[in-house]
Amino acid sequence: MPTATTLAASAKPRAPALEWALLVLLATCWGASYTFIKIGVATLPPVTLIAARTLVAGLLLLAVLRLRGLRLPRDAASWRRFALQAGLNSVLPFTLIAWAERSVDAGLATILNSTSPIFIFLLSLGLAGAERPTLRRLFGVAAGLVGICLIVGVEALGGLGRSLWSQLALVAAAVCYGCAAMFGRVFKGLDPMLPAAGSLVSGAALLLPASLLIDRPWTLAPSAASLAAVLALAVVSTALAFTIYFRLIRTLGPMSTSAQAYLRVPIGVAIGVLLLGERLAPTAWAGLACIMAGVIAMTLPARGAIPLPFLRR
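Residues numbered from 1 in each chain as written. Predicted model: local features only at pLDDT ≥ 70, side-chain atom pairs only at ≥ 80, totals over all residues. Heavy atoms only, no water.

> In this structure, what is going on with the overall build of the chain? I would like to understand it.
Along its length, the chain carries 14 helices and 0 strands. Along the chain, from the amino end to the carboxyl end, the secondary structure elements read α-α-α-α-α-α-α-α-α-α-α-α-α-α. Split into buried and exposed, the 313 residues of the chain put 52% on the buried side. Relative to all contacts within the chain whose residues are 6 or more apart in sequence, the contacts with residues 24 or more apart total 92%. (Helix = DSSP H or I, 4+ residues; strand = E, 2+ residues; numbered from the N terminus. Buried < 20%, exposed > 50% of the residue type's maximum accessible area, 1.4 Å probe, protein only. Contact = heavy atoms within 4.5 Å.)

> Just to check I follow, could you spell out the nonpolar core for this structure?
In a soluble, globular protein the nonpolar side chains are often hidden away together inside. One finds L49 and Y245 to be the most contacted residues of the largest nonpolar core, which totals 74 residues. With sequence-adjacent residues up to four places away left out, L49 is seen in contact with I37, G40, V41, L44, A98, V230 and L233. (Core = buried A, V, L, I, M, F, W, Y, C linked by side-chain atoms within 4.5 Å.)

> Explanation requested: the packing of helix α10 (residues 193–214) against helix α11 (residues 224–251) in the structure shown.
In a packed pair of helices, the relevant descriptors are the angle between the two axes and the axis-to-axis distance. Where α10 meets α11, the closest approach of the two axes is 8 Å, and the angle between their N-to-C directions is 130°. As judged from the angle between their axes, α10 and α11 are oblique. In the packing of α10 onto α11, the handedness of the crossing is right-handed. Residue-level contacts link M193, P195, A196, S199 and L200 of α10 to T238, F242, T243 and F246 of α11. Taken together, the residues of the contact of α10 with α11 sort by class into 6 nonpolar, 3 polar and no charged. (Axes fitted to C-alpha atoms, helices over the stretch in contact; angles between N-to-C directions. Parallel < 35°, antiparallel > 145°, perpendicular 65-115°, else oblique. Left-handed = near helix turned anticlockwise from the far one by under 90°. Nonpolar A, V, L, I, M, F, W, Y, C, P; charged D, E, K, R; others polar.)

> Quick question: what am I supposed to make of the environment of Y34 here?
Among the structural elements, Y34 can be located in helix α2 (residues 16–40). Judged by relative accessible area, which is 5%, Y34 ranks as buried. For the pair Y34 and A98, spaced 64 residues apart in sequence, the C-alpha separation works out to 8.7 Å. Setting aside its immediate chain neighbours within four residues, Y34 contacts I97, E101, A109, T110, N113 and R264.

> Would you mind going over the packing of aromatic side chains with me for this structure?
The description of an aromatic ring pair uses the distance of the two centres, along with the angle that the planes make with each other. The tally for this structure, following the rule as stated, stands at 11 aromatic pairs. Note on W30 and F242: the rings are 6.3 Å apart at their centroids and 90° apart in plane angle, and the pair reads as edge-to-face. Taken as a pair, W30 in helix α2 and F242 in helix α11 lie far apart in primary sequence, 212 residues in all. Ring geometry for Y245 and F246: centres 5.2 Å apart, planes at 80°, overall edge-to-face. Sitting over the face of the ring of F94, R53 holds its NZ or CZ atom 3.6 Å from the ring centroid. (Phe/Tyr/Trp six-rings, centres within 6.5 Å; stacked < 30°, edge-to-face > 60°. Lys NZ or Arg CZ within 6 Å of the ring centre and 35° of its normal.)

Don't take any of this as a statement about function, it's just geometry.
Given below as structure tokens:
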């Protein structure tokens, strides 16, 4: 029976084009989640929505692992790491986003929650052995932020201040994602599906009791649309997305993987246009160009990049 270690050791280097395609797919999975959450929270409380999301996704990945002949680690140290990753990458940010989207529109939620690369960049400055900051990546961060502002538009920024706590919750979720990307490197030797499944199962174990105590889900009457949104969140935006995410953390690194936060903005807005009837700002195409420039700058191989002299270690 193959093990996670032998699979990782025998894996051949993948073509960069495949990693770029996976980055786009990850951005699509997570870009769609904002629309799914908006539909879901219409008739489901945030904690119950996220508990169902993590439970279904975790069970799905466990079934896939069984079909592949892989088993989750059984040692306590691995499960402590899974639990910590669950808190940073699902329990806290998922719940904060769902709660915030009850009062914040999708555009503002997208721009505030897409700032995780900034926090990863700042966190990486103080960590030994982290990816070295370069002028090119600084350009990528700046271009991505400019593109986000252009796509979401000045109109969305006009909502700042009307729902302060919800907006702060979205920023806090972005900080959680930044910390999760940095911590996710501890799973480098594992098949990507193992930390995805382990963290989701751990997250469900934390969220289910909270759902039972807070929301009493047996008293709820969710709509068919909300139930479909939960299923889409679990399968597409969680199970599939987490598997891709942990693979890219291993192959591209946390900073480059975080570039999907920029790419998911135009994708998320486009899905909102199709499913919710939202309108794109006139500057959307210019914003998309800036975002693509930022993604390319942050995901190209580091060879030939110019390190910042004042940040050398």
